[in-house]
Amino acid sequence: RLRTVTGVQTCALPISANYGWFGGGSVATVDRIDFSNDSPSASAKGSLSATKYYVASTGNSNYGWFGGGSNPGVSTVERIDFSNDSATASVRGPLSLAKYGLASTGNSNYGWFGGGSNPSPSSPFSTVERIDFSNDSPTASTRGPLSFGRRYFSSVANSNYGWFGGGAPGPVVSTVDRVDFSNDFSIASPRGPLSLARYNLAATGNSNYGWFGGGQPSTPATVATVDRIDFSNDLT
């Protein structure tokens, strides 16, 4: 089952059952890790179409989609073909808004990109947009928003829900919002918070739990804390 790890500060990582791909940062490079032999350095594969950072990603078992990024923000979405990952990523339908510092997650059919910011306006977006993996050429469709706007946060999902946690600006927050994939026009519902407010964190998970690790409670402090969300009891 696919899971997405979103490193919101510099790069993002869609994964399949066998490999993980890291893309972006202050470069356009895409590197691949082989899960069966993860001691060597990651191998350089085909690049993104442009250099970008503060980018987010999601995917299914066949492709990975990288959306938004940079500062100022861009709306570009690029797709990596896992079966031909030496090629340059192909540009698909864009997000509806140019933004950076966003977070994304998904299931086998769709990818949801939430939040982010652009210099104009300076306030972060609460917007959530959905990409249809079976028809990724149109502009992403706007769905129900997060409970408030934020950027530099992270997300994780199972097949039914997506959880978006932490973020900035203004007061750094510990808020976790849950998007119901079966009813994604509704406003995301706040669930139990993280143990401390932070931004620039990362997340991963399986079908039962999500782990949010690292981040910054305030600049320049950083933490090594890992929090776990129990998907069956996410109000705690």
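Here the structure is a predicted model, which means the values were calculated and not measured.

What counts as what
Residues numbered from 1 in each chain as written. Predicted model: local features only at pLDDT ≥ 70, side-chain atom pairs only at ≥ 80, totals over all residues. Heavy atoms only, no water. Helix = DSSP H or I, 4+ residues; strand = E, 2+ residues; numbered from the N terminus. Rg over C-alpha atoms; globule rule 2.2 N^0.38 Å. Buried < 20%, exposed > 50% of the residue type's maximum accessible area, 1.4 Å probe, protein only. Contact = heavy atoms within 4.5 Å. Areas by Shrake-Rupley, 256 points an atom, 1.4 Å probe, with all protein chains shown as cover. Lys, Arg positive; Asp, Glu negative; His and termini not counted. Charge placed at Lys NZ, Arg CZ, Asp CG, Glu CD. Salt bridge = Lys/Arg side-chain N within 4 Å of Asp/Glu carboxyl O. Polar contact = N/O pair within 3.5 Å; in protein donor to acceptor, adjacent residues only side chain to side chain. pLDDT = per-residue confidence, 0-100. Pairing = 2+ DSSP bridges.

**Quick word on the overall build of the chain**
Along the backbone of the chain there are 0 helices and 20 strands. Computed over the C-alpha atoms, the radius of gyration of the chain is 16 Å, within 12% of the 18 Å expected from 2.2 N^0.38 for a compact globule of 236 residues. In terms of overall dimensions, the chain has a C-alpha envelope of 40 × 40 × 40 Å along the principal axes. Here the chain, with 236 residues, has 51% of them falling under the buried criterion. If you take every contact in the chain between residues at least 6 apart in sequence, the share linking residues at least 24 apart comes to 49%. Of the roughly 9,700 Å² of accessible surface on the chain, a fraction of 47% belongs to carbon and sulfur atoms. Counting 16 positive and 15 negative side-chain charges, the chain places the centres of these two groups 3 Å from one another.

**Regarding the pattern of salt bridges**
Enumeration over the complete set of coordinates arrives at 12 salt bridges. Note that D184 is salt-bridged to R130, the shortest N-O span being 3.2 Å. Here the residue D184 occupies a position in the loop between strand 16 (176-180) and strand 17 (189-190), and R130 occupies one in strand 12 (residues 128-132), the gap between them amounting to 54 residues. Here D184 and R130 have matching classes, each one buried. Among the salt bridges present, the one from R191 reaches D234, with a minimum N-O distance of 3.1 Å. With R191 in the loop between strand 17 and strand 18 (202-205) and D234 in the segment after strand 20 (226-230), this pair connects stretches of sequence that are 43 residues apart. Comparing R191 with D234, the two get one shared label, buried. Here the residues in one salt-bridge network are R32, K45 and D85, joined through shared partners.

**Thoughts on the side chain of K52**
Considering the arrangement of structural elements, one finds K52 in the loop between strand 5 (43-44) and strand 6 (56-59). Polar side-chain contacts of K52 include one of 2.7 Å to the side chain of E78.

**Thoughts on the confidence of the model for the chain**
In the predicted model, the chain carries a mean pLDDT of 91, and 94% of its residues have values of at least 70. Low pLDDT, under 50, characterises residues 1-10; the predicted model gives this stretch 56 contacts beyond four residues in sequence or across chains.

**Examining the sheet that holds strand 10 (residues 103-106)**
Strand order in the open sheet formed by 4 strands is 10-11-12-13, with antiparallel pairing between adjacent strands. Every interior strand has two partners, whereas the edge strands, strand 10 and strand 13 (141-142), have only one. Where strand 12 and strand 13 come together, 2 bridges link them in antiparallel fashion. What sits directly across from E129, in strand 13, is T142.

**Considering the sheet that holds strand 15 (residues 161-165)**
Sheet strands pair by backbone hydrogen bonding; their relative direction is either parallel or antiparallel. A sheet is described by the order of its strands in space; here 4 strands give the open sequence 14-15-16-17, paired in antiparallel fashion. Looking at which strands have only one partner, the edges of the open sheet turn out to be strand 14 (154-157) and strand 17. Here strand 14 pairs with strand 15 via 4 bridges, running antiparallel. Bridging from a neighbouring strand, A157 pairs with G162 of strand 15.

**Structural notes on the environment of D81**
Within the element layout of this structure, D81 appears in strand 8 (residues 77-81). Among all residues touching D81, those that are not within four sequence positions of it are N62 and Y63.

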